[in-house]
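Structure assessment
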Amino acid sequence: MHAIQTSGNCVRNITADHFAGIAPDEVIDPRPLAEILRQWSTFHPEFNYLPRKFKIAINGATADRTALLLHDIGLLALRSDDGEIGIRVSVGGGMGRTPMIGHVIREFLPWRQVLNYVEAILRVYNLHGRRDNLWKARIKILVKALGAQEFARQVEEEFEATKDSPSVITDEEFARVAAFFKPPRYAKLPEGDPELERNLADSRAFSRWVERNVHPHRQPGYAAVTLSLKKTGAPPGDATSGQMEFVADLADRYSFGELRVSHEQNLILADVRRSDLFRLWLEAKSGGLATPNVGLLTNIIACPGGDFCSLANAKSIPIAEAIQHRFDDLDYLHDIGELDLNISGCMNSCGHHHIGHIGILGVDKNGAEWYQVSIGGAQGDNASLGHVIGPSFAAAEMPDVVSRLVETYIDLRHPDERFVDTVHRLGIAPFKARVYREEAYAA
Ligand code: SF4
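The structure reproduced in this document is the subject of the present report. Predicted model only: the values in this text are computed from it and were never measured. (Residues numbered from 1 in each chain as written. Predicted model: local features only at pLDDT ≥ 70, side-chain atom pairs only at ≥ 80, totals over all residues. Heavy atoms only, no water.)

**Some thoughts on the environment of Gly233**
Relative to the assigned elements, Gly233 resides in the loop between β7 (222-227) and α8 (241-254). Spatially, the C-alpha atoms of Gly233 and Ile317 are 9.5 Å apart, while their sequence positions differ by 84 residues. If we ignore the near neighbours within four places in the chain, the residues touching Gly233 are Glu321, Gln324 and His325. (Helix = DSSP H or I, 4+ residues; strand = E, 2+ residues; numbered from the N terminus. Contact = heavy atoms within 4.5 Å.)

Spelled out as structure tokens, the structure:
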């Protein structure tokens with residue numbers, strides 16, 4: 001990532017999977033294509049004054065860890081039955097005040113033509129996107145206005161005229177960029193480690209951390225590790241300068257000096273020897289970075305909100321903290337299972353509340369801070385937008401509201417059913433009834 005073109009109405013940083021290059025479910029390593037797109041779009045003279053900012057994500061794995069369908073363009077690598085690599089292209093996703101899920105406009109694009117196709121999309125957007133109204137300027141509004149089919153037709157027409165231009169990626173260019181993403185010098189290791197097995201059997205706390213914060217790796221004997229920045233009492237996603245020094249040292253000693261950041265506001269050590277996991281856990285724990293809550297309710301995504309952001313309607317961080325305190329019992333937390341809770345301090349949605357299984361949005365009512373709650377949002381392959389359950393709540397009510405949502409889920413869930421799947425199966429009605437049963441909340 002870099003700061004060039006930050007805040008401009010142009011192509012922003014390209015994002016990819018935080019497990020890129022190491023995930024066992026990867027079809028391709030998305031990083032070379034992401035970097036080719038970055039180099040191509042940086043200072044691109046034609047696209048430096050688009051109607052509005054523009055965000056592209058690329059995913060090379062079968063599972064989506066990039067919130068692909070919530071981007072202006074989402075690029076998903078696929079392998080065809082005859083082994084060819086291609087790209088499924090979606091367009092028009094986004095959050096903010098008009099949240100939308102992206103539309104797939106091309107099922108299988110030869111990967112070498114990805115720049116040509118993105119160029120065609122940007123041309124159609126540059127030509128027809130609205131410049132008269134800031135709130136209607138993003139590509140999602142144009143895709144909605146034209147209809148995805150008509151938008152795709154115009155893109156295909158433009159692509160037909162330019163698909164053989166010099167933007168087609170050659171083998172030499174791909175090899176030049178891919179050379180920056182060579183795998184580190186992995187040792188030849190056995191997959192199993194008897195000492196690790198012993199530690200897993202002896203320590204419940206360690207095995208819990210491995211269950212939640214350690215992820216599979218394609219290289220035998222290695223794993224990826226999430227260092228949690230979601231300790232109860234600390235602002236979600238924040239790290240002190242001391243912690244950053246500490247983490248840099250962990251990266252040097254355990255993961256070839258490389259550190260990644262996930263969009264869920266945690267840090268990733270991508271290449272850790274499985275035989276080092278127990279030692280790493282002890283050290284991470286001493287630095288407050290080993291909360292075993294990845295994928296669980298307290299792994300809250302929260303924007304800076306009213307404590308720091310001048311655009312905020314309400315604070316986010318104290319709400320996150322109050323909810324984390326309410327669900328601080330690890331047994332209960334693990335029993336609840338997978339649950340994404342996201343908080344934004346205003347409609348700009350930096351905390352991704354639209355795609356939280358539970359989403360919380362700070363709203364202003366007559367100068368006071370209130371919170372609107374939605375449920376049923378999701379990221380990933382089956383991305384969906386949450387539905388607002390009803391009138392908003394005061395800050396002090398929020399832990400109770402979340403408790404009631406969770407209790408409803410526990411009462412109604414099928415075995416092995418996640419919170420969001422129960423919401424999708426039953427709709428919001430039973431949750432709404434439980435939350436609003438006692439108090440008459442202000443409208
Ligand atoms: S969602 Fe709103 S309050 Fe939160 S960081 Fe973004 S602009 Fe600021």
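**With respect to the nonpolar core**
Ranked by size, the top nonpolar core spans 42 residues in total, and within it Ile121 and Phe151 carry the most contacts. Elements with a minimum of two residues in this core: α1 (31-41), β2 (56-59), β3 (73-79), β4 (85-91), β5 (103-110), α2 (114-128), α3 (139-146) and α4 (148-162). The residues touching Ile121, leaving out its near neighbours within four places in the chain, are Ile73, Val89, Val91, Ile105, Ile139, Phe151 and Val155. With 32 residues, the next largest nonpolar core counts Ala320, Phe327, Ile343 and Val406 among its residues. (Core = buried A, V, L, I, M, F, W, Y, C linked by side-chain atoms within 4.5 Å. Buried < 20%, exposed > 50% of the residue type's maximum accessible area, 1.4 Å probe, protein only.)

**A closer look at the sheet that holds strand β9 (residues 267-273)**
Reading across the sheet, the four strands line up as β6-β7-β9-β8 and stay open at both edges, with antiparallel pairing between neighbours. Across the chains shown, the open sheet's two edge strands, defined by having one partner strand only, are β6 (214-215) and β8 (260-261). Here β8 runs beside β9; their pairing, made up of two bridges, is antiparallel. Opposite Val261, over in β9, you have Leu267 as the bridge partner. Strands in contact with helix α9 (residues 277-286) are β6, β7 and β9; relative to β9, the strand with the most contacts, it is inclined by about 150 degrees. (Pairing = 2+ DSSP bridges. Axes fitted to C-alpha atoms, helices over the stretch in contact; angles between N-to-C directions.)

**So, unusual backbone geometry**
Among all residues except glycine, the phi angle is most often negative; among peptide bonds, the trans geometry is most common. You will see that Phe43, though not glycine, has its phi angle at about 60 degrees, which is positive. Mapped onto the secondary structure, Phe43 falls in the loop between α1 and β2. For Phe43, a relative accessible area of 57% puts it in the exposed group. Non-glycine residue Asn366 carries a positive phi angle of around 50 degrees. Checked against the element boundaries, Asn366 lands in the loop between β12 (358-365) and β13 (368-375).

**Considerations on the site of the ligand**
Near the ligand, the surroundings consist of Cys303, Pro304, Gly305, Cys309, Leu311, Ala312, Gly345, Cys346, Asn348, Ser349 and Cys350. For the shell around the ligand, a count of residues per class yields seven nonpolar, four polar and no charged. (Near = heavy atom within 4 Å. Nonpolar A, V, L, I, M, F, W, Y, C, P; charged D, E, K, R; others polar.)

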